[in-house]
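Single-letter residue listing:
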Amino acid sequence: SAACILTTMSKIFTPTNQIRLTNVAIVRLKKGGKRFEIACYKNKVLSWRSNSEKDIDEVLQTHTVFTNVSKGQAAKKDELQKAFNKTDETEICKEILSKGELQVSEKERQSCLDTQLNSIVNSVAALCVNPETRRPYPASIIEKSLKDAHFSVKMNRNTKQNTLEAIKILKDHMPIERSRMKLRVSFAGKEGGGKLKESVVKLANAVEHEEWDEATLHLTLLIDPGQYRVIDELVRNETKGKGLLELLELKEVVESEELF
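Figured I'd write up the structure that's included with this text.

So, how was this worked out
- Residues numbered from 1 in each chain as written.
- Predicted model: local features only at pLDDT ≥ 70, side-chain atom pairs only at ≥ 80, totals over all residues.
- Heavy atoms only, no water.
- Phe/Tyr/Trp six-rings, centres within 6.5 Å; stacked < 30°, edge-to-face > 60°.
- Helix = DSSP H or I, 4+ residues; strand = E, 2+ residues; numbered from the N terminus.
- Buried < 20%, exposed > 50% of the residue type's maximum accessible area, 1.4 Å probe, protein only.
- Lys NZ or Arg CZ within 6 Å of the ring centre and 35° of its normal.
- 1 Å grid on protein atoms, 1.4 Å probe; cavity = no way out; pocket = protein on both sides within 12 Å on 5 of 7 lines; lining within 4 Å.
- Points joined across faces, edges and corners; volume = space filled by probe spheres on them.
- Nonpolar A, V, L, I, M, F, W, Y, C, P; charged D, E, K, R; others polar.
- Core = buried A, V, L, I, M, F, W, Y, C linked by side-chain atoms within 4.5 Å.
- Contact = heavy atoms within 4.5 Å.
- Axes fitted to C-alpha atoms, helices over the stretch in contact; angles between N-to-C directions.
- Parallel < 35°, antiparallel > 145°, perpendicular 65-115°, else oblique.
- Left-handed = near helix turned anticlockwise from the far one by under 90°.

Our next topic: the packing of aromatic side chains. By convention here, two paired aromatic rings are described through the distance between centres and the angle between planes. In the structure shown here, the tally under the stated rule is one aromatic pair. Seen in terms of ring centroids, F36 and F84 are 5.1 Å apart; in terms of plane orientation they differ by 65°. Their pairing is edge-to-face. Of this pair, F36 sits in strand β3 (residues 34–41) while F84 sits in helix α3 (residues 77–84), and the two are 48 residues apart along the sequence. There is no split in this pair, since F36 and F84 are both buried. Directly above the aromatic system of Y228 lies the positively charged group of R135, at a separation of 5.3 Å from the ring centroid.

In this model, the largest pocket occupies a volume close to 260 Å³. N122, A125, A126, R135, P136, Y137, P138, A139, P225, G226, Y228 and R229 are the residues that line the largest pocket. Going through the elements one at a time, α5 (106–127) and α9 (228–238) are the ones with two or more residues in the lining of the largest pocket. Per element, the largest residue contribution to the lining of the largest pocket is three residues, and it comes from α5. A breakdown of the residues in the lining of the largest pocket according to their chemical character gives eight nonpolar, two polar and two charged.

Residues I96 and L97 are the most contacted members of the largest nonpolar core, which totals 22 residues. Elements with a minimum of two residues in this core: β2 (19–31), β3, α1 (44–49), α2 (56–59), α3 and α4 (89–99). Considering each element in turn, this core owes the most residues, four residues, to α4. Residues within four places of I96 in sequence aside, it is in contact with V27, L29, F36, I38, R49, V65 and F84. I120, V121, V124 and A166 belong to the second-largest nonpolar core, a separate cluster that totals 21 residues.

The next subject is the packing of α5 against helix α6 (residues 139–148). At their nearest, the axes of α5 and α6 sit 9 Å apart, and the two run at 120° to each other. In terms of orientation, α5 lies oblique with respect to α6. In this structure, the crossing between α5 and α6 has a hand that is right-handed. For the pair α5 and α6, contact is made by L117, V121, N122, V124 and A125 and by A139, I142, E143, L146 and K147, respectively. Residues belonging to the contact of α5 with α6 are distributed by class as follows: seven nonpolar, one polar and two charged.

Structure, rendered in structure tokens:
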């Protein structure tokens, strides 16, 4: 998930009860003809939406639904009942969090979009290959192609959702496929032993086969394309160039398969 620096308002006062809210990120939702707002901690809204933050108390500055955060105007119970058919403010806060719009300045929005785009580009590069060369594309090529295709980051979607959309758009502009590589890694036990094996396995999606041939360990792995270079460098450095990497095949990933 993209962690954006959101410094929407430095200080906000609530004159009704003098709660002082600082570094507020406001999420706004219009419902039933009325505006409702919640006060969140900066950086936490997107973390909640991408499911990396699960504690609502880490996201909300206060479990209060406002009609205007900056003026400290809390919504009345009857307004909440009419718009949301409930008065449980924590539950309403969660609904506003998931459906509302994050209020940020133009400069902050651009900074956030740039950070998101960077994450999306890196995700696409890590998950896809050029089916003609069977190799991943450099991030710079992915970024240029997305800009040429007029791809725009959707702020209300997380990196995963934006990445899947980006891949779909890129398919109309360049040869690109989501795939996994099947890789065979071989090295002598004494050249890295358990430690190197552990590091390599951590970088893989799955270990398909493992066998010892005398003192040499052979691992057949399924990896995301972006890990190829990382594993190659790791094995080369740890075995002082004696380890071996063989690309066995590319497996196309079906659309429904979970990749992240």
